[in-house]
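So the chains spell out like this:
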Amino acid sequence: MDKHKFLTPEWVAAATALRDEMDDEVPPPAHSVRMNQIVNEVPVEVAEGDVLAYMDTSEGEMKMGLGQLDDPDLTVTLDYATAKAILVDGNPQAGMQAFMAGKIKVQGDMTKLMAMQAGPIDPSAQKLAEAISAMTEEIEDA
(Lines give C-alpha, C1' and ligand atoms only; values in the text may rest on other atoms or scores of the structure.)
Protein backbone atom coordinates (compact mmCIF):
# COMPACT_ATOMS: atom_id res chain seq x y z
CA MET A 1 0.00 0.00 0.00
CA ASP A 2 1.35 3.42 -0.94
CA LYS A 3 1.73 5.93 1.88
CA HIS A 4 0.83 9.60 1.54
CA LYS A 5 1.32 12.68 3.68
CA PHE A 6 -1.86 13.69 5.54
CA LEU A 7 -3.96 16.30 3.71
CA THR A 8 -2.07 16.18 0.42
CA PRO A 9 -4.26 15.71 -2.66
CA GLU A 10 -2.85 12.16 -2.94
CA TRP A 11 -3.82 11.38 0.68
CA VAL A 12 -7.36 12.72 0.16
CA ALA A 13 -7.75 10.61 -3.01
CA ALA A 14 -6.41 7.48 -1.29
CA ALA A 15 -8.61 8.01 1.81
CA THR A 16 -11.65 8.52 -0.44
CA ALA A 17 -10.81 5.34 -2.37
CA LEU A 18 -10.55 3.37 0.89
CA ARG A 19 -13.88 4.78 2.06
CA ASP A 20 -15.50 3.87 -1.28
CA GLU A 21 -13.97 0.38 -1.15
CA MET A 22 -15.40 -0.23 2.33
CA ASP A 23 -18.70 1.57 1.69
CA ASP A 24 -20.84 -1.55 2.12
CA GLU A 25 -19.26 -2.28 5.52
CA VAL A 26 -19.26 1.17 7.10
CA PRO A 27 -22.63 2.42 8.37
CA PRO A 28 -23.88 5.82 7.22
CA PRO A 29 -22.89 8.78 9.39
CA ALA A 30 -25.09 9.15 12.47
CA HIS A 31 -25.27 12.93 12.15
CA SER A 32 -25.70 15.40 9.32
CA VAL A 33 -23.01 18.07 9.21
CA ARG A 34 -21.46 20.35 6.62
CA MET A 35 -18.09 21.43 8.00
CA ASN A 36 -15.22 23.42 6.59
CA GLN A 37 -11.79 23.01 8.12
CA ILE A 38 -8.93 25.45 8.02
CA VAL A 39 -5.75 23.60 8.95
CA ASN A 40 -2.80 25.82 9.83
CA GLU A 41 0.80 25.18 10.84
CA VAL A 42 1.02 22.76 7.92
CA PRO A 43 4.46 21.24 7.20
CA VAL A 44 5.98 22.58 3.98
CA GLU A 45 6.16 19.00 2.61
CA VAL A 46 2.35 19.03 2.57
CA ALA A 47 1.43 22.56 1.45
CA GLU A 48 2.63 26.11 1.44
CA GLY A 49 0.25 27.80 3.86
CA ASP A 50 -3.08 26.67 5.27
CA VAL A 51 -4.98 23.68 3.90
CA LEU A 52 -8.70 24.18 3.30
CA ALA A 53 -10.74 21.00 3.59
CA TYR A 54 -14.36 19.99 4.10
CA MET A 55 -16.50 17.19 5.44
CA ASP A 56 -20.12 16.75 4.38
CA THR A 57 -22.48 14.05 5.68
CA SER A 58 -25.71 15.86 4.73
CA GLU A 59 -26.57 13.32 2.01
CA GLY A 60 -26.17 10.26 4.26
CA GLU A 61 -22.60 9.45 3.31
CA MET A 62 -19.22 10.82 4.34
CA LYS A 63 -17.70 13.14 1.75
CA MET A 64 -14.31 14.73 2.39
CA GLY A 65 -12.12 16.78 0.14
CA LEU A 66 -9.91 19.77 -0.32
CA GLY A 67 -11.59 23.13 -0.75
CA GLN A 68 -14.57 24.68 1.01
CA LEU A 69 -18.33 24.17 1.09
CA ASP A 70 -20.73 27.05 0.51
CA ASP A 71 -22.92 27.72 3.55
CA PRO A 72 -21.34 25.22 6.01
CA ASP A 73 -22.94 24.46 9.38
CA LEU A 74 -19.60 25.29 10.98
CA THR A 75 -15.98 26.10 10.26
CA VAL A 76 -13.23 24.66 12.43
CA THR A 77 -9.72 26.14 12.48
CA LEU A 78 -7.01 23.93 13.95
CA ASP A 79 -3.34 23.10 13.57
CA TYR A 80 -2.02 20.23 11.45
CA ALA A 81 -0.81 18.10 14.37
CA THR A 82 -4.21 18.28 16.08
CA ALA A 83 -6.09 17.54 12.85
CA LYS A 84 -3.89 14.49 12.26
CA ALA A 85 -4.31 13.29 15.87
CA ILE A 86 -8.10 13.46 15.53
CA LEU A 87 -8.63 12.31 11.93
CA VAL A 88 -5.76 9.84 11.42
CA ASP A 89 -4.69 8.69 14.88
CA GLY A 90 -8.31 8.50 16.12
CA ASN A 91 -7.50 10.43 19.30
CA PRO A 92 -10.57 12.45 20.33
CA GLN A 93 -8.83 13.44 23.59
CA ALA A 94 -6.27 15.38 21.54
CA GLY A 95 -9.12 17.37 20.06
CA MET A 96 -10.71 18.07 23.42
CA GLN A 97 -7.37 19.11 24.94
CA ALA A 98 -6.61 21.40 21.99
CA PHE A 99 -10.08 22.93 22.19
CA MET A 100 -9.73 23.60 25.92
CA ALA A 101 -6.30 25.15 25.27
CA GLY A 102 -7.79 27.49 22.65
CA LYS A 103 -5.98 25.78 19.75
CA ILE A 104 -9.26 24.93 17.98
CA LYS A 105 -11.60 27.72 16.91
CA VAL A 106 -15.20 26.95 15.96
CA GLN A 107 -17.47 29.29 14.04
CA GLY A 108 -21.08 28.24 13.53
CA ASP A 109 -23.21 25.46 15.02
CA MET A 110 -20.98 23.88 17.64
CA THR A 111 -23.71 21.38 18.59
CA LYS A 112 -23.10 19.62 15.24
CA LEU A 113 -19.44 19.15 16.17
CA MET A 114 -20.33 17.88 19.64
CA ALA A 115 -22.87 15.40 18.22
CA MET A 116 -20.17 13.92 15.98
CA GLN A 117 -18.00 13.24 19.03
CA ALA A 118 -20.75 11.41 20.95
CA GLY A 119 -21.32 7.68 20.89
CA PRO A 120 -19.16 4.61 20.37
CA ILE A 121 -17.23 3.97 17.16
CA ASP A 122 -18.68 1.22 14.97
CA PRO A 123 -16.19 -1.67 14.47
CA SER A 124 -16.30 -1.33 10.67
CA ALA A 125 -15.71 2.43 10.94
CA GLN A 126 -12.75 1.62 13.21
CA LYS A 127 -11.42 -0.77 10.53
CA LEU A 128 -11.63 2.06 7.96
CA ALA A 129 -9.88 4.45 10.37
CA GLU A 130 -7.07 1.91 10.85
CA ALA A 131 -6.68 1.50 7.07
CA ILE A 132 -6.47 5.28 6.64
CA SER A 133 -3.92 5.50 9.44
CA ALA A 134 -1.84 2.72 7.84
CA MET A 135 -1.65 4.59 4.51
CA THR A 136 -0.63 7.88 6.14
CA GLU A 137 3.06 8.72 5.93
CA GLU A 138 4.66 10.18 9.04
CA ILE A 139 6.32 13.57 8.78
CA GLU A 140 9.22 14.54 11.01
CA ASP A 141 8.31 17.26 13.54
CA ALA A 142 4.61 17.23 12.56
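Structural data are supplied above this passage.
Residues numbered from 1 in each chain as written. Predicted model: local features only at pLDDT ≥ 70, side-chain atom pairs only at ≥ 80, totals over all residues. Heavy atoms only, no water.

**As for the side chain of Thr82**
Phase 1: Relative to the helices and strands, Thr82 resides in helix α2 (residues 80–87).
Phase 2: According to the relative accessible area criterion, Thr82 is buried, its value standing at 6%.
Phase 3: Within the structure, Thr82 has its side chain in polar contact with the side chain of Asp79 (distance 2.9 Å).
Phase 4: Apart from the residues within four sequence positions on either side, Thr82 is in contact with Ala94, Gly95, Ala98, Lys103 and Ile104. (Helix = DSSP H or I, 4+ residues; strand = E, 2+ residues; numbered from the N terminus. Buried < 20%, exposed > 50% of the residue type's maximum accessible area, 1.4 Å probe, protein only. Polar contact = N/O pair within 3.5 Å; in protein donor to acceptor, adjacent residues only side chain to side chain. Contact = heavy atoms within 4.5 Å.)

**Topic: the pattern of salt bridges**
Phase 1: Enumeration according to the criterion identifies eight salt bridges in this entry.
Phase 2: Note that Lys127 and Glu25 form a salt bridge whose closest N and O atoms lie 3.2 Å from each other. Taken together, the positions of Lys127 in helix α5 (residues 123–134) and Glu25 in the loop between α1 (9–21) and β2 (34–40) put the pair 102 residues apart, joining distant regions of the chain.
Phase 3: Accessibility expressed as a relative area gives 44% for Lys127, which makes it partly exposed.
Phase 4: Salt-bridge contacts for Lys84 lead to Glu138; the nearest nitrogen and oxygen are separated by 3.3 Å. In this pair, Lys84 sits in helix α2 while Glu138 sits in the segment after β7 (136–137), placing the two residues 54 residues apart along the sequence.
Phase 5: For Lys84, a relative accessible area of 10% puts it in the buried group.
Phase 6: Members of the salt-bridge network, linked through shared partners, are Lys84, Asp89 and Glu138. (Salt bridge = Lys/Arg side-chain N within 4 Å of Asp/Glu carboxyl O.)

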